[in-house]
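Observations on the model geometry
For reference, the chains in residue letters:
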Amino acid sequence: MTQPKNEFKNAQLEDWMRAAQKSAPGGNVDALNWKTPDGISVKPLYTAEDTAALPYANTLPGFEPFLRGPQATMYSVRPWTIRQYAGFSTAEESNEFYRKALAAGGQGVSVAFDLATHRGYDSDHPRVTGDVGKAGVAIDSVEDMKILFDQIPLDKVSVSMTMNGAVLPVLAGYVVAAEEQGVSQDKLSGTIQNDILKEFMVRNTYIYPPEPSMKIIGDIIEYTAKNMPKFNSISISGYHMQEAGANQALEMAFTLADGKEYVKTAIAKGMDVDDFAGRLSFFWAVGMNFYLEIAKMRAARLLWCRIMKGFEAKNPKSLMLRTHSQTSGWSLTEQDPYNNVVRTTIEAMAAVFGGTQSLHTNSFDEAIALPTEFSSRIARNTQLIIQEETHITNVIDPWAGSYMMESLTQEMADKAWAIIEEVEAMGGMTKAVDSGWAKLKIEAAAAEKQARIDSGKDVIVGVNKYKLAKEDPIDILAIDNVKVRDGQIDRLKKIRASRDTAKVQAALDALTASAESGQGNLLELSIQAIRLRATVGEVSDALEKVFGRHRADTQKVTGVYAAAYDSAEGWDQLKKEINEFADSKGRRPRVMISKLGQDGHDRGAKVVATAFADLGFDVDMGPLFQTPEECARQAIENDVHAVGVSTLAAGHKTLVPAIIAELKKQGADDIIVFVGGVIPRQDYDFLYEAGVKGIYGPGTPIPASAKDVLEQIKKALG
């Protein structure tokens with residue numbers, strides 16, 4: 001007699017359990033469960049029972065709640081857009097790169113600006129001597145913007161611009177450059193990032209405090225909705241959160257909560273939600289947690305639809321989450337760097353299976369320096385191969401119906417929704433950011449992750465396991481920062497000499513007056529000023545007179561690194577040595593962790609500060625955006641033994657010798673200087689000759705660097 005179907009299934013599960021127990025550690029099948037960084041327990045086996053009660057497991061792409069994709073046919077009709085993020089040195093060099101990329105299969109332009117531009121400084125400002133042209137392209141005026149897009153038809157090629165702090169003059173420069181190319185605003189397509197809340201949490205390329213920054217966002221959404229209907233007014237970005245250490249659930253929750261806050265801001269300006277919500281877009285990081293990244297992207301569409309229904313949006317386009325994605329930069333390793341080609345490919349596959357609308361693939365050498373033309377070609381071709389050779393695009397959402405993926409998607413949605421509700425209970429994302437709570441949540445996740453890597457619990461091939469005995473150098477792209485800055489200064493002088501100064505000043509005064517009164521649209525007024533050849537710095541300064549320049553608190557988490565490191569070999573011995581130092585010298589070894597120039601990426605600095613403090617060092621954190629002079633003065637006032645410079649933006653050859661020279665100038669050359677971050681090995685000898693006592697590149701275990709710093713301090717004290 002045939003058994004009922006469910007009894008037969010249960011009998012099979014019992015057989016599987018007995019078989020699994022034979023090979024499971026200690027016979028415990030639960031030991032096979034994988035605990036994700038988000039706290040989700042992923043089982044080794046899923047069955048139909050796991051999806052039976054899920055409400056969205058049988059939905060279709062292109063229909064609410066869009067879990068399976070925002071378009072009905074997805075890639076089966078049109079693949080995602082290949083949009084490679086790039087920008088370096090001068091507008092001329094970046095333009096040449098864009099035109100080559102478009103000719104070789106690129107389908108859109110994505111602009112990286114240098115840090116001076118991000119922070120609203122012209123290239124001749126004394127605070128940006130080490131930053132001009134280093135981590136992106138230098139843009140001071142519409143003349144630079146016209147060169148940047150020379151021979152790129154802006155009515156046909158969509159442009160994505162990663163810009164937040166100086167968003168007004170940069171977006172205005174793009175609009176005016178298009179006008180002078182003969183392209184009207186209504187024909188422009190693309191995206192401006194314009195996501196300031198995440199800047200206060202992680203990336204730190206802000207200018208003004210949160211409240212006036214939100215006013216700017218509202219004005220941009222309002223202006224583009226009226227005048228640029230094909231242009232996305234904001235790209236709500238989780239990417240930088242994950243790069244700063246957030247797990248996938250935190251990244252998704254905080255990003256969607258940011259989006260919710262921006263919708264509230266636009267509605268508060270009197271706009272109807274369906275007039276602008278269809279032009280909101282998102283931006284995800286895609287790392288090496290393959291299953292989680294796919295589930296995150298599916299769950300995010302589900303939750304955004306839920307959020308927008310809460311605003312009573314009726315147009316289906318208002319309910320759809322459309323996203324750009326970028327493979328992880330943080331997952332790239334300096335050690336054994338060709339492994340990064342494999343990592344990027346896996347991450348690109350996760351983005352595609354998750355249903356991205358456009359994608360940037362990182363180059364294998366980006367853990368060391370800006371990508372070369374050779375490495376950029378491999379990164380771009382990774383996408384072309386997936387599109388053209390694999391037939392992955394022929395099936396819409398191939399993970400649909402997977403017992404595991406549908407379950408994981410719902411678990412990710414539930415985990416993120418709980419965080420979103422916590423944010424709402426605090427009064428929304430602006431308050432969560434203002435309080436520092438959101439930033440500390442991300443920093444705690446980053447410290448825990450680094451401890452797991454340093455202790456060997458999380459494997460990074462070529463870094464903490466399967467390491468090469470000898471690393472061969474690879475070719476890198478070097479930028480002559482001094483030459484770029486000199487060229488920008490010359491162009492600025494010519495612009496200022498040839499323009500109508502009185503008209504420019506009147507336009508800048510109008511911006512200041514609007515900021516004071518709250519009347520008028522700041523983007524519209526910025527476009528008028530940029531047309532008259534006002535510079536990025538001048539527009540930013542006109543608003544800073546009223547808004548001020550934001551200064552962040554330098555908080556750090558404590559105890560997280562030590563708890564996750566779990567007293568691995570050498571940890572307790574190092575703590576003992578630090579205690580012995582304190583007993584013999586009368587105080588603990590004191591270090592100051594600093595960020596010089598306009599590089600606001602502070603994940604590494606915060607993790608190092610946390611770990612050093614957990615070991616027993618006295619740790620001071622310098623404020624972001626210090627000059628070498630300011631850093632030296634603070635180090636002397638705080639009576640530190642050592643200054644640690646964290647650098648990710650290629651300014652080390654300018655800024656690190658400058659801090660050493662300043663310490664000597666101010667009579668404190670007994671304070672040692674060490675450096676960590678993205679530093680090509682080709683630059684190590686230069687830095688050692690300049691007086692650096694220790695260099696710790698990506699992948700250096702923090703306890704190893706801490707022990708070396710302690711030894712260097714002992715040596716300096718004699």
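What you are looking at is a predicted structure, and each value in this text was computed from that prediction instead of being measured. (Residues numbered from 1 in each chain as written. Predicted model: local features only at pLDDT ≥ 70, side-chain atom pairs only at ≥ 80, totals over all residues. Heavy atoms only, no water.)

Let's shift gears to the pattern of salt bridges. What the rule picks out here adds up to 48 salt bridges. Note that R68 is salt-bridged to D397, the shortest N-O span being 3.0 Å. Of this pair, R68 sits in the loop between β2 (41-42) and β3 (81-86) while D397 sits in the loop between α14 (373-389) and α15 (403-425), and the two are 329 residues apart along the sequence. Across the pair, exposure class does not vary: R68 and D397 are buried alike. We note a salt bridge from D397 to R298, for which the minimum N-O separation is 2.9 Å. Residue D397 is found in the loop between α14 and α15, and its partner R298 is found in helix α11 (residues 290-310); the two are separated by 99 residues along the sequence. Given the relative accessible area of 0%, R298 is considered buried. One salt-bridge network, in which partners are shared between bridges, spans D122, D124, R496, R499 and E538. (Salt bridge = Lys/Arg side-chain N within 4 Å of Asp/Glu carboxyl O. Helix = DSSP H or I, 4+ residues; strand = E, 2+ residues; numbered from the N terminus. Buried < 20%, exposed > 50% of the residue type's maximum accessible area, 1.4 Å probe, protein only.)

This part is about the packing of aromatic side chains. Any aromatic ring pair is given by two values, namely how distant the centres are and how the planes are angled relative to each other. Overall, the coordinates contain 24 aromatic pairs when judged by the stated rule. Between the aromatic rings of F282 and W284, the centroid separation amounts to 6.1 Å while the plane-to-plane angle is 20°, which identifies the pairing as stacked. Both residues of the pair, F282 and W284, belong to the buried class. Taken together, the ring pairs in this structure connect F290, Y291, F353 and W399 into an aromatic cluster. The side chain of R119 reaches across the aromatic face of F625, ending 3.4 Å from its centre. One Lys or Arg, K653, reaches over the ring of F686 and ends 5.1 Å from the middle of that ring. (Phe/Tyr/Trp six-rings, centres within 6.5 Å; stacked < 30°, edge-to-face > 60°. Lys NZ or Arg CZ within 6 Å of the ring centre and 35° of its normal.)

On to the nonpolar core. F254, L256 and M429 are the most contacted members of the largest nonpolar core, which has 87 residues in total. When residues in this core are grouped by element, the largest group, 12 residues, is from α11. For F254, the contacting residues outside a window of four places in its chain are M201, M241, I419, V423, M429, W437, A438, K441 and I442. V142, A166, Y208 and I530 belong to the second-largest nonpolar core, a separate cluster that totals 66 residues. (Core = buried A, V, L, I, M, F, W, Y, C linked by side-chain atoms within 4.5 Å. Contact = heavy atoms within 4.5 Å.)

Now for the environment of L468. By secondary structure assignment, the location of L468 is in the loop between α17 (437-454) and α18 (481-498). Residues L468 and D336 lie 132 residues apart in sequence; the distance between their C-alpha atoms is 7.0 Å.

With that settled, the discussion passes to the environment of Q383. Within the secondary structure layout, Q383 lies in helix α14. With relative accessibility at 0%, the residue Q383 sits in the buried group. Counting along the chain gives 16 residues from Q383 to W399, while the straight-line C-alpha distance between them is 20 Å. Excluding its chain neighbours within four sequence positions, the residues that come into contact with Q383 are W80, T81, I82, Q84, L359, H360 and T361.

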